[in-house]
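# Structural description and commentary
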Amino acid sequence: MKIYIFSGSHRKNSQSLKVANFFSQLLSKSGIENKVFDLGENPIPLWTPDMWEKESEQKKMWIKYSIGIADADAYVFVSPEYSGMASPAIKNLFLYLSGADLAHKPGLIITVSSGMGGSYPNSELRISSFKNTRIVYLPDHVIIRHAESVLNENDPISKEDDYIRHRLEYVKKLLVEYAKAFAQIRGSGVVDLKTYPFGM
């Protein structure tokens, strides 16, 4: 099993990356292969309609960048909240991704806020990112509030820190089970992305 994690902050060494790396460690401790894509350290150029041209430079770039993404069994999207929205980096990523990458695979949303926010990116991604990718989000998600104060040490230093660690462990287990179940769906033969490549 492979699980890929996207850190959607535009900043280098961001709180979103800290959360992504923490979740990666949880997966590794369970023996699950995973990879973190840091969109702050390795940003993707702004999507343009050139992606629709097979020989465009943008298409060639994406082919190289996206090696292995379609091979994952599940995905985690870690997004900071920028002005009440999902990060532009995450939104831009979903313009590149397609059903060939994500269709009928589970996705987990984790949002990050330096204060008491963090709910809006979750709603935004659930509303707008699934149509053509066909990703299926877990009913559960995680909001990391006051992100600077949690997940910093080997052991929790507060009730909030302890709670969020247990919550992340819980959704990790859920994501793994969803990944197992959805592999059966994709292997059933009923998925037809050739006839129906786009959602409605």
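Along each chain, residues carry numbers from 1 onward, in the same order as the chain's sequence is written. The model is predicted, so local features are restricted to residues of pLDDT at least 70 and side-chain atom pairs to those at 80 or more, both for listing and for counting; the totals for chains, interfaces and linings are taken over all residues. To obtain the side-chain values, all non-hydrogen atoms of the structure were used and water was disregarded.

## What to know about the pattern of salt bridges
- Definition used for salt bridges: Asp or Glu carboxyl oxygen within 4 Å of a side-chain nitrogen of Lys or Arg. Considering all chains together, one arrives at seven salt bridges under this definition.
- Between Lys 91 and Glu 124 there is a salt bridge whose closest N-O contact spans 3.6 Å. Of this pair, Lys 91 sits in helix H3 (residues 88-96) while Glu 124 sits in helix H5 (residues 119-128), and the two are 33 residues apart along the sequence.
- When the shortest N-O distance is used, the salt bridge between Asp 161 and Arg 165 registers 2.9 Å. Here the residue Asp 161 and the residue Arg 165 both occupy positions in helix H6 (residues 159-186), the gap between them amounting to four residues, near one helical turn. For the pair Asp 161 and Arg 165, one class covers both residues: buried. Labels follow the DSSP assignment, with helices taken as runs of H or I lasting at least four residues and strands as runs of E lasting at least two, numbered in each case from the N terminus. Note on exposure labels: buried denotes an accessible area under 20% of the residue type's maximum, exposed denotes more than 50%, and partly exposed covers the range between, all computed with a 1.4 Å probe on protein chains only.

## Here we look at the environment of Met 116
- Position of Met 116 relative to the elements: it lies in the loop between strand S5 (106-112) and H5.
- Met 116 sits 29 residues away from Arg 145 along the chain, and the two C-alpha atoms are 5.4 Å apart.
- Only heavy atoms matter for contacts: two residues are in contact if any of them lie within 4.5 Å across the pair. Ignoring any residue separated from it by four or fewer positions in sequence, one finds Met 116 in contact with Arg 145 and His 146.

## Describing the packing of aromatic side chains
- Stacked, edge-to-face and tilted labels apply to pairs of Phe, Tyr and Trp rings (six-membered ring for Trp) whose centres lie within 6.5 Å, assigned for plane angles under 30 degrees, over 60, and everything in between, in that order. Inspection of every chain in the model, using the stated rule, returns 11 aromatic pairs.
- Centre to centre, the rings of Trp 62 and Tyr 65 are 5.8 Å apart; their planes meet at 20°, and the pair counts as stacked. You can see Trp 62 and its partner Tyr 65 sitting in helix H2 (residues 57-65), three residues apart, about one turn around the helix.
- Relative to Phe 94, the ring of Phe 77 lies with its centre 4.8 Å away and its plane at 40°, an arrangement referred to as tilted. With Phe 77 in strand S3 (residues 74-82) and Phe 94 in helix H3, this residue pair connects regions lying 17 residues apart in the sequence. You'll find Phe 77 and Phe 94 in the same group, each marked buried.
- A network of ring pairs unites the aromatic residues Tyr 4, Phe 6, Phe 37, Trp 62, Tyr 65, Tyr 75, Phe 77, Phe 94, Tyr 96 and Tyr 137 as a single cluster.

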